[in-house]
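One-letter residues, chain by chain:
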Amino acid sequence: MVRFGIVGFGLHAVKRLMPGFALSKKCQVTALSRRDIAQARESARQYEIPLAYDSVAELCSSPQVEAILVTTPNSLHLKDVITAIEAGKAVLCEKPLAMNAAEARQMVEAARRKNVRFGVAHVFRFDDSVRKFREHVAAGAIGRPIFARSEFSFLADPSHPRKWLYDASVAGAGPVFDIGVHCIDTLRFILQDEVVRVSATASSDKSSGDVESVAALLLELSRGTLATVMVSYRAEYRTPLEIVCDAGVLWADDALNVEHPIQIQLRRGNDVVQRVEVSNHLAYGLQVDAFADWMEGNSQFPAPGEEGWQNQEILDAALRSINSGRAEAVPRVSHQKQ
């Protein structure tokens, strides 16, 4: 069993990560950190985790920890990831990977220098729904992708437990960073293609502080597909996904949901020719097990750090486009075999 330490044991750890580790076949959580030691010890007691710290450096130096899962607010990712890498630990970091592409590059290059595994927690790459979409597109049975669409919204008023969502100095941006990165990564993964240009627009409101509350992105991909991403903190939870090809359409309502079954439809003309029901409830467990396999040299992890860096280049281009009003080019990140 690969022994994980969770840095920043908060809402996400409670709601998603610990249930995922409970489903894992290859991992266990042996340590956690929180800023307040009393809260850290209480969380450790509640979830039967042996070690509790208020210091990231101390957690990362523990011989009882082999891998670090960084789930602190976005502005802390760089410091926490580098601390873990310098301690020689494998690192899986939550999305978005960084505050900007320069930080993401620092992380990737540090991991290369220390020769440690470094991945980004793009958990939807482990969704059955997303993998079914990817398989259909790759098989070519519905032709060439013409349009693609991914939307993500949820209600995040100022009382949301993640108080920093509306602070650009901590979050980097609003829903473009927080959930837009999920949409972008999902489309890249399904289409197995790269974004070359981004056009984006966004708006804020009296409750969104210094970040946007809603945004729309147009992604131009290298093989000619046009994709749209729409994100918001002002609508009920929804994650529809659609791939329009020249010989058929793939569609799922709430495709990225991990809590209830999802129906994927394949349409030709006006007819639904195939319906498949899938469940994404294993995604968080599959993610950490895949990372453990990568650490042990058994298989390649589907989301190495370079993927998080590439997504960050797209996010940065989207922010530039919002400010400039023009389409902005996206630099291509080079991968290194591990």
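Cut-offs used in this document
Residues numbered from 1 in each chain as written. Predicted model: local features only at pLDDT ≥ 70, side-chain atom pairs only at ≥ 80, totals over all residues. Heavy atoms only, no water. Helix = DSSP H or I, 4+ residues; strand = E, 2+ residues; numbered from the N terminus. Rg over C-alpha atoms; globule rule 2.2 N^0.38 Å. Buried < 20%, exposed > 50% of the residue type's maximum accessible area, 1.4 Å probe, protein only. Contact = heavy atoms within 4.5 Å. Areas by Shrake-Rupley, 256 points an atom, 1.4 Å probe, with all protein chains shown as cover. Lys, Arg positive; Asp, Glu negative; His and termini not counted. Charge placed at Lys NZ, Arg CZ, Asp CG, Glu CD. Disulfide = S-S within 2.5 Å. 1 Å grid on protein atoms, 1.4 Å probe; cavity = no way out; pocket = protein on both sides within 12 Å on 5 of 7 lines; lining within 4 Å. Points joined across faces, edges and corners; volume = space filled by probe spheres on them. Phe/Tyr/Trp six-rings, centres within 6.5 Å; stacked < 30°, edge-to-face > 60°. Lys NZ or Arg CZ within 6 Å of the ring centre and 35° of its normal. Patch = residues over 30% accessible without salt bridge, like charges linked within 9 Å, V, L, I, M, F, W, Y side chains within 5 Å. Salt bridge = Lys/Arg side-chain N within 4 Å of Asp/Glu carboxyl O. Pairing = 2+ DSSP bridges. Right-handed = clockwise from strand over helix to strand, strands pointing away. Axes fitted to C-alpha atoms, helices over the stretch in contact; angles between N-to-C directions. Nonpolar A, V, L, I, M, F, W, Y, C, P; charged D, E, K, R; others polar. Expected span 1.5 Å × (residues − 1). Core = buried A, V, L, I, M, F, W, Y, C linked by side-chain atoms within 4.5 Å.

Caption draft 1: Representation of the overall build of the chain in the model. Secondary structure assignment for the chain yields 11 helices and 15 strands. Its C-alpha atoms give the chain a radius of gyration of 20 Å, near enough to 20 Å, the size a compact globule of 338 residues would have. When the backbone C-alpha atoms are referred to their principal axes, the chain occupies close to 60 × 45 × 40 Å. For the chain, the residues scored as buried account for 54% of the 338 residues in total. Relative to all contacts within the chain whose residues are 6 or more apart in sequence, the contacts with residues 24 or more apart total 68%. Carbon and sulfur atoms provide 49% of the accessible area of the chain, an area that totals close to 14,300 Å². The distance from the centre of the 38 positive side-chain charges to the centre of the 41 negative ones in the chain is 3 Å.

Caption draft 2: Quick peek at the state of the cysteines. Evaluated as defined, the whole model comprises zero disulfides. The thiol of cysteine 27 is unpaired, and the distance to the nearest cysteine sulfur, on cysteine 60, comes to 17 Å. Sulfur of cysteine 183: no disulfide; nearest cysteine sulfur belongs to cysteine 245 and is 18 Å away. The buried category is assigned to cysteine 183, whose relative accessible area is 0%.

Caption draft 3: Representation of empty space enclosed by the protein. Tallying each qualifying case throughout the model produces one cavity of 30 Å³ or more. Size it by volume and the largest cavity reaches roughly 30 Å³. If you go around the largest cavity, the residues you meet are Leu17, Phe21, Leu69, Tyr284, Gln287 and Val288. Of all elements in the fold, only helix H1 (11-23) and helix H10 (283-295) reach the threshold of two or more residues within the lining of the largest cavity. The element best represented in the lining of the largest cavity is H10, accounting for three residues.

Caption draft 4: Region of interest: the layout of surface pockets. In this structure, the largest pocket encloses a volume near 1,300 Å³. If you go around the largest pocket, you meet 47 residues; those closest to its centre are Leu11, His12, Thr71, Arg162 and Trp164. Broken down by secondary-structure element, the contributors of at least two residues to the lining of the largest pocket are H1, helix H4 (77-86) and H10.

Caption draft 5: Summary view of the packing of aromatic side chains. Throughout the structure, instances matching the rule amount to 11 aromatic pairs. Taking 6.2 Å as the distance between ring centres and 50° as the angle between the ring planes, the aromatic pair formed by phenylalanine 4 and phenylalanine 291 counts as tilted. Placement of phenylalanine 4 in strand S1 (residues 2-7) and of phenylalanine 291 in helix H10 is noted, with a sequence separation of 287 residues between them. On the basis of relative accessibility, which here comes to 0%, the residue phenylalanine 4 falls in the buried class. With a centroid separation of 5.7 Å and 15° between ring planes, the pair formed by tryptophan 294 and phenylalanine 301 is classed as stacked. Looking at tryptophan 294, the relative accessible area reads 1%, which means it is buried. Note that arginine 134 overlies the ring of phenylalanine 189, its terminal NZ or CZ placed 4.1 Å from the centroid.

Caption draft 6: Quick look at a nonpolar patch on the surface. Residues Leu23, Leu282 and Leu286 make up a contiguous nonpolar surface patch of roughly 230 Å² in combined accessible area. On the basis of relative accessibility, which here comes to 39%, the residue leucine 23 falls in the partly exposed class.

Caption draft 7: View of the pairing of strand S4 (residues 67-70). Burial along S4 is two-sided: the face carrying Ala67 and Leu69 and the face carrying Ile68 and Val70 are both buried. Relative to strand S5 (residues 90-93), S4 runs parallel, the two being bridged by four bridges. Looking at S5, one finds that isoleucine 68 is bridged to valine 91. Assessed by its sense of winding, the connection that carries the chain from S4 through H4 to S5 is right-handed.

Caption draft 8: Focus on the packing of helix H6 (residues 128-139) against helix H9 (residues 180-191). It is the contact of H6 with H9, at a shortest axis distance of 8 Å, that shows an interaxial angle of 35°. Of the residues in H9, those touching H6 at Val130, Arg131, Phe133, Arg134 and Val137 are Thr186, Phe189, Ile190 and Leu191. Partitioned by chemical class, the residues of the contact of H6 with H9 number six nonpolar, one polar and two charged.

Caption draft 9: Structural context of the pattern of salt bridges. The final tally for this structure, using the stated rule, is 21 salt bridges. In this structure, arginine 45 engages glutamate 42 in a salt bridge whose closest nitrogen and oxygen atoms are separated by 2.5 Å. Here arginine 45 pairs with glutamate 42, and both are found in helix H2 (residues 37-46), just three residues apart, close to one helical turn. Looking at arginine 45, the relative accessible area reads 56%, which means it is exposed.

Caption draft 10: Representation of helix H11 (residues 305-324). With 20 residues, H11 should reach 28 Å at 1.5 Å per residue; the first-to-last C-alpha distance of 29 Å fits that figure. Summarising burial for H11: 15 of the 20 residues are buried, a large majority. Of the residues trailing H11, glycine 325 is marked for its positive phi of about 75°.

Caption draft 11: Spotlight on the sheet that holds strand S13 (residues 262-268). Spatial strand order, S14-S13-S12-S11-S7-S10-S9-S8-S15: nine strands in an open sheet with mixed pairing. The two strands at the open ends of the sheet, each matched to only one other strand, are strand S14 (271-278) and strand S15 (328-329). Where strand S8 (residues 195-203) and S15 come together, two bridges link them in antiparallel fashion. Across the sheet, residue valine 198 finds its bridge partner in S15, namely glutamate 328. H11 rests against S8, strand S9 (214-221) and S15 of the sheet, and its axis sits at about 50° to S8.

Caption draft 12: Structural detail: the nonpolar core. The biggest cluster of nonpolar side chains holds 111 residues, and the ones touching the most others in it are Phe4, Phe118, Val198, Leu217, Leu219 and Ile243. The residues contacting valine 198, other than those within four sequence positions of it, are Leu217, Leu218, Leu219, Ile314, Ala317, Ala318, Ser321, Arg326, Ala327, Glu328 and Val330.

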